[in-house]
Amino acid sequence: MLTEALEDAPVNTGMQTDLPIIHIGMATCGLASGARGLLDLIKKEVEKRQLNVQIVPTGCIGMCHNEPLVDVTMPGKYRVSYKNVKPMTLTQIFESHFGKNDFAKKYAVCQIPLEGAEPYEGLALMSDLPFFKGQVKIVTKRCGMIDPLSIEDYIAMDGYKALKKALTSMTPEEVVEQVTKSGLRGRGGGGFPTGLKWSLTQKSPGPEKFVVCNADEGDPGAFMDRSVLEGDPHAVLEGMIIASYAVGGAKKGYIYCRAEYPLAIRHLRKAIQDAKAHNFLGDNILGTGLCFDIEIKEGAGAYVCGEETALLASIMGERGMPWPKPPFPAQKGVWGKPSVINNVETLGNIGHIILNGGEWYASYGSEKTKGTKTFALTGSIKNSGLIEVPAGTPLREIIYSIGGGMVEKKIPFKAAQLGGPSGGCIPVDGLDTPVDFENVVAAGAIMGSGGIVVMDEAACIVDTAKFFLKFTQDESCGECTPCRVGSKIMLDILTRITEGKGQEGDLDELVRLSMYVKSNSLCGLGGAAPNPVLSTIRYFREEYEAHIRDKRCPGTVCNDLIKYVVIEEDCTTCGLCEPVCPSGSVTWEKGEVAHIDLTTCIRCKACVDACKFRAII
C-alpha cells in the first residue's frame, strides 16, 4: 500500500497554518554569518513576548550575500524575507509583525507568494528581484523554502510523487525513456547523457547492480551540491530510488560525500532514516516489491575521488586512484558489478523530470544542453551565492543582471574562471558566451560542476593560473607520469614567472607541456589540469609577457614584481593610505600628495586597499 503521507499530502508550498512561522536560513552560509546565535535570540524573543509561533530552520535559498536571512509568515499573508539580520534588526522585525501587524520596511528584501494568502503593499516579490528574475528553479525549488529535516515538508512540495508515479504506472524502460527525452546530461562536469548511462546499466547482464551518488564536490569556490544536500536531501534520495528501479532493480546505493560537509551528512542521515520509516526506502517500497537501501560513504577529501573510477575504488576500501576505461562503471563498477553513477544535481533533477515529463524539462536550455544548471557565484561579484538558470544563459546576464556586477564599480571585470581548477578563464570579450557545454568549451573553459569565480582588473591572471595548477598538482594521485611530473614542471615555470625570473620561451614551453599532459594523462583530472594555463595564455598573453619581459605585475599581486607608486593626478590628498601602512613607508601631510618609500615598503598592499580612488598602483 502507498503511504498515507503521500495520499494526503497538501500541495501548498508555503506551509500556511493558523500560527505565524519564522524561517531562518541554517545552511552553511547562514551559520557562517551568525545564524546559530540569531536562532537563540529568536527563541528568547518568542519566549519573552509569549508568542505561539513555529520556528523553522531552512536550507540556502541562494542569496548567500544576504545571510543571515530570516523570513516571517503571518497567517493569511505572504512570506516576508529579511536580509543581513542583526540583533537590533530582529527586535524591529518582531515589533512590526507582532505589534503593528505590518512588516519592517527598512529591512525587508522581498515577499514570497503563498497560495490563498494576501500580499503586503509596497514590497517587491521575490521573482521580481534582479537576482531571481532570470532564474528558473528546478533542482533548487525547495531549497530555502522547507525544513530539510522534515519529510512532511518535502512531501507537501510534491516530494516522492515522482517515485509513486514511476513505481506504479511506468516500466523501467519508460522511466529511462523519459530521462532520455529530457536531454539531461551529467551535471558533475562530464556532460554524459544521463538516459544513455541508465540504459547501458539497465542492459548490462547480472542480477546485482548498484546506484552511486557522487557528492564529492571539491572544486575551489563550488558549493552547488552542498547546498542541495543541506537544503533538500530527500530529492537526491528520490532520484536514487527511481534510478534503482530504472536500471533493473538495484538493491544497494551509495552516497559518496566528503567528510568536510558535516551538515550535509547529518541531513542525509536523517533523510534516510525518515524515508525508511515512511517506506520510501528498504524492503517492498510502497508495496511494489522494490527493495533498495542507501549507505553513506564519507570521503577523506581527496580531489581525485571526484573522478568516478577513483570514487568507486574508495567506496570499496581501496586507494582512490582512477582505473583505465573501458570497462565503464555501467559494465563493471562497485564490487565488479554494473553501477550507475550520477552527481547530486543530476539526481535532484530526476523527480521533476518523471513528474512533469521529459519534454517539459527539455523545453528549458539550449539546443544541446537541456534544462537548467546551478552555479556557485564567488569572487569579486556583488551578489555571491547559488543560482539556477536555463542552460545557454549568457555569461553577461549571470554576472551583471543576476550577480549585480563587480563589488567595486570602479574596478572593471577582467575574467571569469569556469569549471574550477579543470576549467579556464573567459575574458571580457567572451561575456556574451552562452553558458552551456559546447559554447563554454569553445571559449577555452568547461562548464564543470558549476563554479564561477569572477575576477576584476585587480586580479593577476598569472597568479590565478598558478593557484589552480598548484591545486591540481597537490591533488594529483600520482598514478600516471604526465600528470604527476608534467603538472609539477608547469607549476615550477609559473612560479618562476611570478617571482620575476621568467625567461623568453617559457610560454611556448607551457603550451607544449600542456598539450602533452592533456593528451597522455590517465583520467579527466590530469587531462583538464592544463586548462587554466592554456586559456589564460590564449586571452592574456600580454600580461604573461609583462611578467617575463618587463618584470611587472599589472594586477599588483605578485610581490616580487610590485613597486607601489602614487599617481599624483589621481591622489585626492585624503591621507587614508598613511595610517594603514605597517612599515611606516607611506608619508603624508595634510593637503599634500602621499609618498611611498620603496626601500622600506614590504608590499603588503594595505595602502592599495585603503585608497578608494585607485591612485596607488
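The structure we're discussing is the one just above.
(A) Here's a closer look at the pairing of strand E6 (residues 210-215). In terms of burial, E6 is largely enclosed, as six of its six residues are buried. A two-sided burial pattern is seen for E6, the buried positions comprising Phe210, Val212 and Asn214 on one face and Val211, Cys213 and Ala215 on the other. Alignment of E6 against strand E7 (residues 252-258), held across six bridges, turns out to be parallel. Residue pairing across strands places asparagine 214 opposite tyrosine 256, the latter belonging to E7. Pairing of E6 with strand E9 (residues 339-343), which is carried by five bridges, proceeds in the parallel orientation. Looking across to E9, one finds that valine 212 is bridged to isoleucine 341.

(B) Spatial organisation of the layout of surface pockets. Empty space within the largest pocket amounts to approximately 1,300 Å³. Where the lining of the largest pocket is concerned, the elements lending two or more residues are helix H9 (194-203), E9, helix H17 (437-442) and helix H21 (524-528). For the lining of the largest pocket, the element with the most residues is E9, which contributes five residues. Taken together, the residues that form the lining of the largest pocket break down as 16 nonpolar, 21 polar and 11 charged. Roughly 630 Å³ of volume is contained in the second largest pocket. For the second largest pocket, the lining is made up of 27 residues, of which Thr556, Val608, Arg614, Ile616 and Ile617 are closest to its centre. Partitioned by chemical class, the residues of the lining of the second largest pocket number 12 nonpolar, two polar and 13 charged.

(C) Structural detail: the state of the cysteines. Enumeration over the complete set of coordinates arrives at zero disulfides. Lacking any disulfide linkage, cysteine 460 is separated from the closest cysteine sulfur, that of cysteine 553, by 3.6 Å.

(D) Molecular detail of the sheet that holds strand E3 (residues 70-73). Strand order in this open sheet of five strands is E2-E1-E3-E4-E5, and the pairing throughout is mixed. This sheet does not close on itself; its edge strands, each paired only once, are strand E2 (54-58) and strand E5 (108-112). Here the average twist between neighbouring strands, direction ignored, is 20°. Strands in contact with helix H3 (residues 35-49) are strand E1 (21-25), E2 and E3; relative to E1, the strand with the most contacts, it is inclined by about 165°. Against the sheet, helix H4 (residues 87-99) contacts E1, E3 and strand E4 (79-82), and its axis sits at roughly 165° relative to E4.

(E) Region of interest: the environment of glycine 420. If you trace the backbone, glycine 420 turns up in the loop between strand E12 (413-418) and strand E13 (424-427). Taking C-alpha positions, glycine 420 is 9.3 Å from alanine 445, a pair spaced 25 residues apart along the chain. Leave out the neighbours within four places in its chain, and glycine 420 touches Asp219, Gly451 and Phe468.

(F) How the structure looks around the sheet that holds strand E8 (residues 293-299). As summarised here, the arrangement of the four strands in space is E8-E7-E6-E9, forming an open sheet in which the pairing is parallel. The open sheet has two free edges, formed respectively by E8 and E9, since each of these has just one partner strand. Taken pair by pair, the neighbouring strands of this sheet meet at an average axis angle of 20°, ignoring direction. Sheet strands touched by helix H14 (residues 344-356): E6 and E9. Its angle to E9, the strand with the most contacts, is close to 95°.

(G) Seen up close, the packing of helix H19 (residues 481-498) against helix H23 (residues 541-548). For the pair H19 and H23, interaxial distance at closest approach is 8 Å and the crossing angle is 65°. Taken together, the axis directions place H19 and H23 in an arrangement best described as roughly perpendicular. Contacts from Leu494, Ile497 and Thr498 of H19 reach H23 at Tyr544, His547 and Ile548. For the contact of H19 with H23, the class distribution of residues is four nonpolar, two polar and no charged.

(H) Quick peek at unusual backbone geometry. For the peptide bond that leads from glutamate 67 to proline 68, omega is 0°, which places it in the cis range. Of note, proline 68 is situated in the loop between E2 and E3. Residue proline 327 is bonded to the preceding proline 326 through a cis peptide linkage, with omega at 5°. As for its placement among the helices and strands, proline 327 is situated in the loop between helix H13 (308-315) and E9. One non-glycine residue, asparagine 84, adopts positive backbone phi at about 45°. Its location among the elements puts asparagine 84 in the loop between E4 and H4. Positive phi, normally seen in glycine, also occurs at arginine 603, with a value near 60°. Considering the arrangement of structural elements, one finds arginine 603 in the loop between strand E16 (595-596) and helix H24 (606-610). Residue class for arginine 603 comes out partly exposed when judged on its relative accessible area of 28%.

(I) Seen up close, the pattern of salt bridges. In total, this model carries 33 salt bridges according to the counting rule given. Its salt-bridge partner being arginine 258, residue aspartate 216 comes within 3.4 Å of it at the nearest N-O pair. Of this pair, aspartate 216 sits in the loop between E6 and helix H10 (224-231) while arginine 258 sits in strand E7, and the two are 42 residues apart along the sequence. Accessibility expressed as a relative area gives 6% for aspartate 216, which makes it buried. On the accessibility criterion, arginine 258 (8% relative accessible area) is buried. Arginine 541 is the salt-bridge partner of aspartate 508, the closest N and O atoms lying 3.5 Å from each other. With aspartate 508 in helix H20 (residues 506-520) and arginine 541 in helix H23, this residue pair connects regions lying 33 residues apart in the sequence. In this structure, a network of salt bridges that share partners links the residues Glu504, Asp508, Arg541, Glu545 and Arg549.

(J) Quick look at the environment of tyrosine 564. When you line up the elements, tyrosine 564 lands in the loop between H23 and strand E15 (586-587). We classify tyrosine 564 as buried; its relative accessible area is 2%. Here the alpha-carbon distance between tyrosine 564 and proline 113, two residues 451 residues apart in the chain, equals 53 Å. Not counting chain neighbours up to four residues away, the residues in contact with tyrosine 564 comprise Thr556, Ile596, Leu598, Cys601, Arg603, Lys605, Val608, Ile616 and Ile617.

Criteria and thresholds
Residues numbered from 1 in each chain as written. Predicted model: local features only at pLDDT ≥ 70, side-chain atom pairs only at ≥ 80, totals over all residues. Heavy atoms only, no water. Buried < 20%, exposed > 50% of the residue type's maximum accessible area, 1.4 Å probe, protein only. Helix = DSSP H or I, 4+ residues; strand = E, 2+ residues; numbered from the N terminus. Pairing = 2+ DSSP bridges. 1 Å grid on protein atoms, 1.4 Å probe; cavity = no way out; pocket = protein on both sides within 12 Å on 5 of 7 lines; lining within 4 Å. Points joined across faces, edges and corners; volume = space filled by probe spheres on them. Nonpolar A, V, L, I, M, F, W, Y, C, P; charged D, E, K, R; others polar. Disulfide = S-S within 2.5 Å. Axes fitted to C-alpha atoms, helices over the stretch in contact; angles between N-to-C directions. Contact = heavy atoms within 4.5 Å. Parallel < 35°, antiparallel > 145°, perpendicular 65-115°, else oblique. Salt bridge = Lys/Arg side-chain N within 4 Å of Asp/Glu carboxyl O.

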